[in-house]
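Inside the fold
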Amino acid sequence: MKVLIAEDEPISRLLTSEKLKSWGYNVIEVENGKEVIETIERQPDIQLCILDWEMPEIDGLELCSRLREIDRSGSFYIIILTSKHKASFMIEALDKGADDFISKPFVPEELRVRLQVGARILKKENQLIHAAESDPLTGILNRKAFLLELDKIWALTKRQKQPFAILMLDIDHFKQINDKFGHIAGDQVLKQFCELVQQQIRQYDCFARYGGEEFVLFLPDTDVDQCERIAERIRATTESNLFTYDGEHVSMTVSIGASIYYENYLSAQEMLKAADKAAYEAKQEGRNKVVL
Ligand code: GH3
Ligand code: MG
Ligand code: MG
Ligand code: MG
Ligand code: MG
């Protein structure tokens, strides 16, 4: 697990860092508050932080409130490690957003177990966040998390003035697959479909289960031609893929509707609606089709 140590005093920083390394932590050292902010922006997987109180630029307590304001999925566990001793300082630190407070010189065993507490809480919290954001069957993002994510990326992407696309994917006659092979087979096929789509998208594309056998795909930096290529590839690979359940082949097709943003939609909701409408048209046109 990564631990960020922010300490302006080199000897003190080295001492703490050596201890942490001996306990198996992956230690990242910085010497002032500004570097904390920069490092955390670059490494979003840092969650456990040991911050000195008095540091140049931004001090440890100010950092507590700044880190709490960062909008990201995982939260922080912050230990203030300081030469301040009085109870009133501890109260102030916890009041300003620290999770724990240790005075220097510290008892190594105490720091070790207090870090364990932090790691334990973070692990539990991360599990809860993951469970809340993902779809249990397929492991991809669920509808609620997708809509929250969409609002965030909508704001960002709009500022960049690049075209981007939303695809609505609806499996064709899925009810018949359930009727013919059973509900468990249907589940397996849905999982295989997700894996198939995930193999074909980029790391920064956002794929989610929108409902039962309906999926949604957000594609940043994607114009009409690229969108059509990606949608057509997903349609074609779904049609030709050998989905299997219990040794049996299950064939399946998908209808895809897309909407592309060129400053023409006022909200993410409006754009989603347009993609949904296009998917409906794909169904009307006979299914196993892409409509832009
Ligand atoms: P269309 O081509 O018009 O989309 O037909 P369809 O049968 O796919 O659509 P319809 O909306 O009539 O039915 C969707 C079916 O998907 C019904 C529902 O039982 C099934 N379904 C939804 N979620 C799941 C799931 O998690 N597992 C399984 N096995 N089936 C599901
Ligand atoms: Mg200091
Ligand atoms: Mg449907
Ligand atoms: Mg339907
Ligand atoms: Mg369907």
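These notes cover the structure that comes with them. Keep in mind that this is a model prediction, so the values were computed, not measured. (Residues numbered from 1 in each chain as written. Chains lettered and ligands numbered in written order. Predicted model: local features only at pLDDT ≥ 70, side-chain atom pairs only at ≥ 80, totals over all residues.)

**Looking at the pairing of strand E3 (residues 48-51)**
Applied cut-off: A residue is called partly exposed when the number of other C-beta atoms within 10 Å of its own lies between 12 and 20, exposed at 12 or fewer, and buried at 20 or more, with C-beta atoms placed from the backbone. Starting at the N terminus, helices and strands are each numbered in turn, a helix being any DSSP run of H or I of at least four residues and a strand any DSSP run of E of at least two. For two strands to pair, DSSP has to find at least two bridges joining them. Orient the strands so they point away from the viewer, and a crossover whose first-strand-to-second-strand path over the helix runs clockwise is right-handed.
What you see with E3 is no split at all: Leu-48 and Ile-50 on one side and Cys-49 and Leu-51 on the other are buried throughout. As judged from the four bridges shared by strand E1 (residues 2-6) and E3, these two strands associate in the parallel manner. Across the sheet, Leu-4 pairs through a bridge with Cys-49, a residue of E3. As paired elements, E3 and strand E4 (residues 77-82) share four bridges and run parallel to each other. Of the residues in E4, the one forming a bridge with Leu-48 is Tyr-77. As a crossover connection, the stretch from E3 through helix H3 (residues 60-69) into E4 is right-handed.

**Some remarks on the pairing of strand E11 (residues 254-261)**
The element E11 is largely enclosed, with a buried count of eight among its eight residues. Where burial is concerned, the two faces of E11 agree: the one with Val-254, Ile-256, Ala-258 and Ile-260 and the one with Ser-255, Gly-257, Ser-259 and Tyr-261 are both buried. For strand E6 (residues 164-171) and E11, the ladder comprises eight bridges, and the chain directions are antiparallel. Looking at E11, one finds that Ile-166 is bridged to Ser-259. Inspection of the sheet shows E11 paired to strand E12 (residues 290-291) by two bridges, in the parallel sense. Across the sheet, the residue bridging to Ile-256 is Val-290, located in E12. One crossover worth recording links E11 to the parallel E12 by way of helix H10 (residues 268-284), and it is left-handed.

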